[in-house]
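Each chain, written out:
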Number of protein chains: 2
Amino acid sequence: MPDPASRGLSRRQLLLGGAAAGAGAAAAIGADAVARVVAAPAATPAEVLHGDAVVPFHGRHQAALAVTPQAHATLVALDLLDATDADGLRRMLRILSDDAARLTSGEAALADSEPELALVPARLTVTIGVGPRLVARAGKEVPAWLAPLPAFAIDRLEDAWSGGDLLLEVAADDPLTIAHAQRMLLKGSRSFAAVRWVQSGFRRSRGAERQGTTMRNLFGQVDGTVNPQPGTADFDRLVWIREGWLAGGTSLVVRRIRMDLDRWDRLDRPGREQSVGRTLANGAPLTGSWERDEPDFAALTPIGFPVIPEFSHLRRARSDDTSQRFHRRAFNYDEAPTAGSVSESGMIFTAVQADPLAQFVPIQQRLSDLDLLNEWTTPIGSAVFAILPGCEPGGFVGETLLA
Amino acid sequence: MPDPASRGLSRRQLLLGGAAAGAGAAAAIGADAVARVVAAPAATPAEVLHGDAVVPFHGRHQAALAVTPQAHATLVALDLLDATDADGLRRMLRILSDDAARLTSGEAALADSEPELALVPARLTVTIGVGPRLVARAGKEVPAWLAPLPAFAIDRLEDAWSGGDLLLEVAADDPLTIAHAQRMLLKGSRSFAAVRWVQSGFRRSRGAERQGTTMRNLFGQVDGTVNPQPGTADFDRLVWIREGWLAGGTSLVVRRIRMDLDRWDRLDRPGREQSVGRTLANGAPLTGSWERDEPDFAALTPIGFPVIPEFSHLRRARSDDTSQRFHRRAFNYDEAPTAGSVSESGMIFTAVQADPLAQFVPIQQRLSDLDLLNEWTTPIGSAVFAILPGCEPGGFVGETLLA
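The residue numbering used here restarts from 1 in each chain and proceeds along that chain's sequence as written. The lettering of chains begins at A and the numbering of ligands begins at 1, in the order of writing. This being a predicted model, a pLDDT of at least 70 is required before a residue's local features are given, and a value of 80 or more before pairs of side-chain atoms are given or counted; all residues contribute to the totals for chains, interfaces and linings. Derived side-chain values reflect all non-hydrogen atoms in the structure, with water molecules and hydrogen atoms excluded from consideration.

Draft legend 1. Looking closely at the overall build of chain A. Every helix listed is a DSSP run of H or I at least four residues long, and every strand listed is a run of E at least two residues long, numbered separately from the N terminus. Across its full length, chain A holds eleven helices and eight strands. A burial count over chain A gives 57% of its 403 residues as buried. It only takes one pair of heavy atoms within 4.5 Å for two residues to be counted as in contact. For chain A, restricting intrachain contacts to residue pairs at least 6 apart in sequence, the fraction spanning at least 24 positions comes to 77%. Accessible area is worked out with a 1.4 Å probe on protein chains only. A residue is then buried under 20% of its type maximum, exposed over 50%, and partly exposed in between.

Draft legend 2. Highlighting the relation of the copies chain A and chain B. Copies are brought into register by a least-squares superposition over C-alpha atoms of residues with pLDDT of at least 70 in both. Superposing chain A onto chain B takes a rotation of 180° combined with a translation of 0.0 Å along the rotation axis, leaving an RMSD of 0.0 Å. In short, the pair behaves as if placed about a two-fold rotation axis. Mapped onto chain B, 100% of the interface residues of chain A again fall at the interface, so both copies present the same surface.

Draft legend 3. Main features of the interface of chain A and chain B. Listed per partner, the contact involves 64 residues of chain A and 64 residues of chain B. Taking both partners together, chain A and chain B bury about 5300 Å²; carbon and sulfur atoms supply 55% of that area. Summed over both partners, the accessible area (1.4 Å probe) lost when two parts come together is defined as the buried area. Considering only the surface of chain A that becomes buried against chain B, Arg183, Arg204 and Arg210 of chain A emerge as the three largest contributors, covering 14% of it. Salt bridge, as used here, is a side-chain nitrogen of Lys or Arg placed within 4 Å of a carboxyl oxygen of Asp or Glu. Joining chain A to chain B, the criterion identifies 14 salt bridges. For Asp262 of chain A, the salt bridge goes to Arg190 of chain B, with nearest N and O atoms at 3.1 Å.

Draft legend 4. Broad picture of the environment of Val120 of chain A. Structurally, Val120 of chain A can be placed in the loop between helix H4 (86–104) and strand S2 (125–130). We classify Val120 of chain A as buried; its relative accessible area is 3%.

Draft legend 5. How the structure looks around the pattern of salt bridges. Summed over all chains, the structure comprises 50 salt bridges over all chains. The shortest N-O distance in the salt bridge between Arg102 of chain B and Asp98 of chain B comes to 2.9 Å. Of this pair, Arg102 of chain B and Asp98 of chain B both sit in helix H4 (residues 86–104), four residues apart, which is roughly one turn of that helix. Between Arg318 of chain B and Glu294 of chain B there is a salt bridge, with the nearest N and O atoms lying 2.9 Å from each other. Residue Arg318 of chain B is found in the loop between helix H10 (313–316) and strand S6 (327–335), and its partner Glu294 of chain B is found in the loop between helix H9 (269–276) and H10; the two are separated by 24 residues along the sequence. Connected via shared salt-bridge partners are Glu114, Arg183, Lys187 and Arg190 of chain A together with Asp262, Asp265 and Arg272 of chain B.

Draft legend 6. Region of the structure containing the packing of aromatic side chains. Any pair of Phe, Tyr and Trp rings, taking the six-membered ring for Trp, is counted once the centres come within 6.5 Å. Such a pair is stacked with planes under 30 degrees apart, edge-to-face with planes over 60 apart, and tilted for the rest. All told, the structure shown has twelve aromatic pairs over all chains when counted by the stated rule. An aromatic cluster is defined as three or more aromatic residues linked by ring pairs; in this entry it consists of Phe219, Trp264 and Trp376 of chain A. Whether a charge sits over a ring comes down to the Lys NZ or Arg CZ being within 6 Å of the ring centre and within 35 degrees of the ring normal. Sitting over the face of the ring of Phe331 of chain B, Arg203 of chain B holds its NZ or CZ atom 5.7 Å from the ring centroid.

Draft legend 7. Molecular detail of the pairing of strand S1 (residues 72–80) of chain A. Residues and elements named next belong to chain A. With respect to burial, S1 is a largely interior element, eight of its nine residues being buried. Between any two strands, at least two bridges found by DSSP are needed for them to pair. Pairing of S1 with strand S4 (residues 193–202) involves nine bridges; the strand directions are antiparallel. Residue pairing for S4: Thr74 is matched across the bridge by Ser200. Looking at chain direction, S1 and strand S3 (residues 166–172) are connected through seven bridges and run antiparallel. Pairing of Val76 across the sheet is with Leu168, part of S3.

Draft legend 8. The layout of surface pockets, seen in detail. In this structure, the second largest pocket occupies an estimated 1200 Å³ of space. Using only the protein atoms, space was sampled on a 1 Å grid; points where a 1.4 Å probe fits but cannot get out form cavities, open sets with protein on both sides within 12 Å along at least five of seven lines form pockets, and lining residues are those with an atom within 4 Å of a point. Taken together, 46 residues line the second largest pocket, and the ones lying closest to its centre are Ser200 and Glu335 of chain A together with Ser200, Asp334 and Glu335 of chain B. A class-by-class count of the residues in the lining of the second largest pocket yields 21 nonpolar, 14 polar and eleven charged. Grid points are joined across faces, edges and corners, and a volume is the space filled by probe spheres set on the points. Ten residue types, Ala, Val, Leu, Ile, Met, Phe, Trp, Tyr, Cys and Pro, are classed as nonpolar, four, Asp, Glu, Lys and Arg, as charged, and the remainder, Gly among them, as polar.

Draft legend 9. Quick peek at the environment of Leu119 of chain B. You can see Leu119 of chain B is positioned in the loop between H4 and strand S2 (125–130). In this structure the C-alpha to C-alpha distance between Leu119 of chain B and Thr177 of chain B, which are 58 residues apart in sequence, comes to 8.5 Å.

Draft legend 10. Inspection of the UniProt feature "domain: Dyp-type peroxidase C-terminal" (unreviewed entry) in chain A at higher detail. According to UniProt, the positions carrying the feature "domain: Dyp-type peroxidase C-terminal" (unreviewed entry) are residues 215–391 of chain A. Split by type, residues 215–391 of chain A is 21% helix and 23% strand. Its first and last C-alpha atoms lie 31 Å apart. UniProt positions are given in the numbering used here, feature names are shortened, and annotations may be inferred rather than shown by experiment.

Draft legend 11. Local environment of H4 of chain B. Residues and elements named next belong to chain B. A helix is expected to span 1.5 Å multiplied by its residue count minus one. The end-to-end C-alpha separation of H4 is 26 Å, in line with the 27 Å expected for 19 residues at 1.5 Å each. Buried within H4 are the following residues: Gly88, Leu89, Met92, Leu93, Leu96, Ser97, Asp99, Ala100, Ala101, Leu103 and Thr104. Contacts made by the buried residues of H4 are with strand S1 (72–80), S2, helix H5 (132–137), strand S3 (166–172), helix H6 (175–189) and strand S4 (193–202). Of the residues one or two after H4, Gly106 is the one with positive phi, at around 85°.

Draft legend 12. Structural context of the pairing of strand S7 (residues 344–353) of chain A. Residues and elements named next belong to chain A. In terms of burial, S7 is largely enclosed, as ten of its ten residues are buried. Across nine bridges, strand S5 (residues 250–259) lies against S7 in antiparallel orientation. Among the inter-strand pairings, Arg256 is bridged to a residue of S7, identified as Ile348. Where strand S6 (residues 327–335) meets S7, nine bridges bridge the pair, whose relative direction is antiparallel. Counterpart to Asn332 in the pairing with S7 is Met347.

Draft legend 13. Spotlight on unusual backbone geometry. For Ala122 of chain A, which is not a glycine, the phi torsion comes out positive at approximately 50°. By the element assignment, Ala122 of chain A lies in the loop between H4 and S2.

Draft legend 14. Broad picture of the side chain of Thr125 of chain B. All names here are of chain B. Residue placement: Thr125 occurs in strand S2. Relative accessible area serves as the criterion here: at 2%, Thr125 is assigned to the buried category. Those residues in contact with Thr125 that lie beyond four places of it in its chain are Val55, Ala64, Gln70, Thr104, Glu169, Val170 and Ala171.

Draft legend 15. Spatial organisation of the packing of H4 of chain B against H6 of chain B. All names here are of chain B. Fitted lines through C-alpha atoms give the axes, limited to the stretch in contact for helices. The angle between two N-to-C directions lies from 0 to 180 degrees. Closest axis-to-axis distance for the H4/H6 pair is 9 Å, and the angle between their directions is 160°. Accordingly, the angle class assigned to the pair H4 and H6 is roughly antiparallel. You can see that H4 and H6 cross each other, and the crossing is right-handed. Across from Met92, Ile95, Leu96, Asp99, Ala100 and Leu103 in H4, the residues of H6 making contact are His180, Ala181, Met184, Leu185, Gly188 and Ser189. In this scheme, roughly parallel covers angles under 35 degrees and roughly antiparallel covers those over 145, while 65 to 115 is roughly perpendicular and the rest are oblique. With the far helix as reference, a near helix turned anticlockwise by less than a right angle produces a left-handed crossing, and one turned clockwise produces a right-handed crossing.

Draft legend 16. Inspection of the environment of Asp155 of chain B at higher detail. All names here are of chain B. Examined against the element boundaries, Asp155 turns out to sit in the loop between H5 and S3. The class of Asp155 is buried, set by a relative accessible area of 11%. Measuring from C-alpha to C-alpha, the distance between Asp155 and Thr377 comes to 9.8 Å, with 222 residues separating the pair along the chain. Apart from residues no more than four positions distant in its own chain, Asp155 is found in contact with Pro150, Arg255 and Pro379. Within the structure, Asp155 has its side chain in polar contact with the side chain of Arg255 (distance 2.8 Å). Polar contact is defined as a pair of N or O atoms within 3.5 Å, subject to the rule that within protein one atom must be able to donate a hydrogen and the other to accept it, and that residues adjacent in sequence are counted only when both atoms are side-chain atoms.

Okay, structure coming up:
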């Protein structure tokens, strides 16, 4: 996955001068760079500080989807105050866009009360999404897909994790950066909207594992091997909306999925691998040796059963209709356990696609109908947002919505 | 602060062979190593993976206090079940010690149900502390200081964040590592104790900022400049207990301090600097230019007031009695805001000292009596634990308690 953040030299590295900057960038870009660095007169090598990495805010699309998921993400859903009309929406989205543009570049927000906390962008991205009520209040027609998903038999949805008029997804490789950015954005929007829910999730921290390693979830599974990648034509076709005020935008489905680790514990390793259809050790399909081997759904065991069971998550998540695909990003959550239990864990699953009804819903319906993993997982939250197109400097996210 | 983790080569790097291992270690140990690496025939340079870093579990003291604080820490307090007698305590502490020794070295726990999640130690440490009820149940005399702190006028303590029979502090540079270790430890102890409270906190992520940078709290303050450092005689004198079954152990005071960011917002920058006694930009005392300059409490303004106000946190936190000092470690917390607010934030403050009554309490009393920062901070949780001595391979943490 392309990662613009690790290509250039950071502001701090530039301040340190050329030679040091080269050293600073070395580990980020690999072996060739190391050779160059040592050839240069590097008297004061800089440390490699991933906190300096910047994901540019402006562009045709909002920026987060172009980068490898950050280590931490907080999703905040807000409800509009009754008094917030189209004019209020315009002011709110201008403020949010301006704050986000500054903070993501490592600068203080305009009314930043703790400007020093803004100096470590750590690939901060801020993604702004809108729900149906906000679109209606802006006076635009609400797309058919911008509504609660159809009910699935597996759902046990709680209001506390569902719905919302406005989504702010704040993601970065540093938790303090997120805390500060989140507060600045919520201060900027508090006259217009109130917090409905907050979901915080994590993956491996930056630099803990080799870049490009597929994440593992709290069941220990390699999770998300098959996933259209940003920068490919396939991704562009599946993700971006092409027409209307959402051109350049997309949709985001947020599902909070509780994972029952205590019941999962009772399942042995072969049982776990059958339920997923992949080995636990390296995520290879049960018919293969490596994570990215193509599964062979026709392969049979010596006694005639499919090697990858019909009820496995891998088989059920794969439709024969290749348009029924989406880009997924997931973050683990792990909250304080409630009385008597030893964990309260799960996944903040997000799916990105041009049309949730055509791409996400058929797959979710297949999984709701049959997926052995349902034994240990429960969707407890659900929301759908339109992810607005990006904006250029001087503009704001939402200008086509309010045009 | 010494950091054993970054000195050696990790298991993964060793597996990759000598040359690659050198490359892997390069960025961790600096410029000299870079030169060596490039001189060697490094065909497949390894990435620098801080996830491989190990803090050895065994030793005279429990390990966490010897390292630079990790990026993430979760403190779990448990209450003993009624049936847990001295024999049960022994079994519990053996299990916890064995699990902790394995997990901190990047190996699966003995009954690990997700062994793949254990492979990224990321400087994992597990620190085991005990409260007065546990000590009594073990049949040992409870030290006078192992009790709730005296009440302070500023306290607004909530049961939800106070007390406990057993403390497990799980810290690492990776949040998934913590989630997995925490679950393994709680599974291991669930027959003996139930979770009372969980507090999760964070600092900057590893590699985001230059190593050795003093943390900032969510007020934006440089926080913890003056702090006796592990590896110094001063630290050893202040921290370690020398006699009895706790020889080699220490005490930990945990204070959960809510920080009212909304009210702090109303204070201007000079007001903030006066309340702390330091500049916000770089944490220098108001009488100095650099963070580590010694404050001059006698310096006066042109009109005769102290430059560092008498009511400032810096002045009040400094006793003239140099025995009234302790080692501090703090982690920020940032929870989902409750209705109507935009943040619910603060600090998990921990103080480490041989005797809380002689070292911590007088300072806390001074701050309770007068400290302008009290206007914006409120202690909402408090607990005191005895941190057990460390153990050698084959032994367990708690063997002197149960001897």
